[in-house]
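Each chain, letter by letter, is given below.
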Amino acid sequence: MARVKFTDIFTGDYLAVMTGYRERIQYILESYEVAVFMACKAVCFYTAMKNNGEITDTDCHVMSSAGWWIMIFFSTSGETCDCHRRCDCKREVSGRSGVETAS
């Protein structure tokens, strides 16, 4: 699949905003171990930027706030995670397992 660059999608003022956003996200990923996006769509946009080479890969774990809530709920209740019905992996939630990460 062909990679899509920001310059192919955004023009003018939008390109400046997206470039600033990309730089800020890259800084956060390099500075912290965990980044929690408040919207699932933001995680999708992060994944698209990563897959298209707009941001570089780091050791930072990226997740949505919904994934964070699920991890906390199931780790305190002792139940098995069903990944919020997104898949059938049936992972046990403890520590880092069961956490939605963008990779």
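Refer to the structure above for everything that follows.
Cut-offs applied
- The residue numbering used here restarts from 1 in each chain and proceeds along that chain's sequence as written.
- Per-residue local features of the predicted model are confined to residues with pLDDT of at least 70, and side-chain atom pairs are confined, for both listing and counting, to 80 or more; whole-chain, interface and lining totals are unaffected and use all residues.
- Side-chain measures were taken over the full set of non-hydrogen atoms in the model, leaving aside hydrogen atoms and water.
- Secondary structure counts use DSSP, requiring at least four H or I residues in a row for a helix and at least two E residues in a row for a strand, with both numbered from the N terminus.
- Summary of the burial criterion: residues with accessible area below 20% of their type's maximum are buried, those above 50% are exposed, and those between are partly exposed, where the area comes from a 1.4 Å probe applied to protein chains only.
- The contact criterion used throughout is that any non-hydrogen atoms of two residues lie within 4.5 Å.
- Using the Shrake-Rupley algorithm and a 1.4 Å probe, accessible areas are obtained, with residue cover drawn only from the displayed protein chains.
- Like-charged residues within 9 Å of one another, or nonpolar side chains (Val, Leu, Ile, Met, Phe, Trp, Tyr) within 5 Å, are grouped into patches, provided each residue has over 30% relative accessible area and no salt bridge.
- By salt bridge we mean one thing: a side-chain nitrogen of Lys or Arg within 4 Å of a carboxyl oxygen of Asp or Glu.
- Among the buried residues, those of types Ala, Val, Leu, Ile, Met, Phe, Trp, Tyr and Cys that are joined through side-chain atoms within 4.5 Å form a nonpolar core.
- The convention used is that axes are lines fitted to C-alpha atoms, helices contributing only their stretch in contact, and that angles between N-to-C directions extend from 0 to 180 degrees.
- To sort the angles, those under 35 degrees are grouped as roughly parallel, those over 145 as roughly antiparallel, those from 65 to 115 as roughly perpendicular, and the leftovers as oblique.
- Gly counts as polar in this scheme, as do all residues outside two lists: the nonpolar Ala, Val, Leu, Ile, Met, Phe, Trp, Tyr, Cys and Pro, and the charged Asp, Glu, Lys and Arg.
- Two strands are said to pair when DSSP picks up at least two bridges between them.
- Classification remark: right-handed applies to a crossover when, strands pointing away from the viewer, the course from the first strand over the helix to the second runs clockwise.

Student: Outline the overall build of the chain, supporting the account with residue identities and numerical values.
Tutor: Tallying secondary structure elements over the chain gives four helices and two strands in all. Starting at the N terminus and ending at the C terminus, the chain contains elements arranged as α-α-β-α-β-α. Here the chain holds 103 residues, and the buried ones make up 31% of them. Long-range contacts, defined as pairs at least 24 residues apart, comprise 61% of the intrachain contacts of the chain with a sequence gap of at least 6. Working note: accessible area of the chain is about 7,000 Å², and carbon and sulfur atoms make up 56% of it.

Student: Break down the environment of T7 for me, with residues and values.
Tutor: Structurally, T7 can be placed in helix α1 (residues 6–9). With relative accessibility at 53%, the residue T7 sits in the exposed group. Sequence separation between T7 and T19 is 12 residues, and the spatial gap between their C-alpha atoms is 9.4 Å.

Student: Summarise a nonpolar patch on the surface; cite the residues concerned and give the values.
Tutor: Residues V34, V36 and M38 make up a contiguous nonpolar surface patch of about 280 Å² in total accessible area. Tracing the chain through its elements places V34 in strand β1 (residues 34–37).

Student: Help me get a handle on the nonpolar core, residues and values and all.
Tutor: General note: in soluble globular proteins, nonpolar side chains tend to be found buried as a group. Counting residues in hydrophobic clusters, the biggest one holds 13 residues, and the most contacted among them are I25, L29, F37, Y46, I55 and V62. At the level of secondary structure, the elements contributing two or more residues to this core comprise α2 (12–31), β1 and α3 (40–51). Of the residues forming this core, the biggest block, four residues, is contributed by α3.

Student: An account of the packing of α2 against α3 is requested, with residue identities and associated values reported.
Tutor: Axes are the key here: two packed helices are described by the angle between their axes and the distance separating the axes. Close contact between α2 and α3 brings their axes to 12 Å; oriented N to C, the two are set at 90°. Judged by the inter-axis angle, α2 sits roughly perpendicular to α3. Contacts between α2 and α3 involve M18, Y21, R22, I25 and L29 from the former and A42, F45, Y46 and M49 from the latter. A class-by-class count of the residues in the contact of α2 with α3 yields eight nonpolar, no polar and one charged.

Student: With reference to specific residues and values, describe the pairing of strand β2 (residues 61–64).
Tutor: In this sheet, β2 lies alongside β1 in parallel orientation, the contact comprising four bridges. Opposite V34, over in β2, you have H61 as the bridge partner. For the handedness criterion, the β-α-β arrangement of β1, α3 and β2 is classed as right-handed.

Student: An account of the pattern of salt bridges is needed here, citing residue identities and associated values.
Tutor: Two side chains bearing opposite charge may form a pair once their charged atoms approach each other closely. One pass over the full model with this rule turns up two salt bridges. Across the salt bridge formed by R22 and E54, the nearest N and O atoms sit 2.8 Å from each other. On the criterion of sequence distance, the pair formed by R22 in helix α2 and E54 in the loop between α3 and β2 is long-range, its members being 32 residues apart. Like R22, the residue E54 is buried in the burial classification. With its nearest N and O atoms 3.2 Å apart, the salt bridge here joins K50 to D57. The exposure class assigned to K50 is buried, which follows from its relative accessible area of 18%. The exposed category is assigned to D57, whose relative accessible area is 57%.

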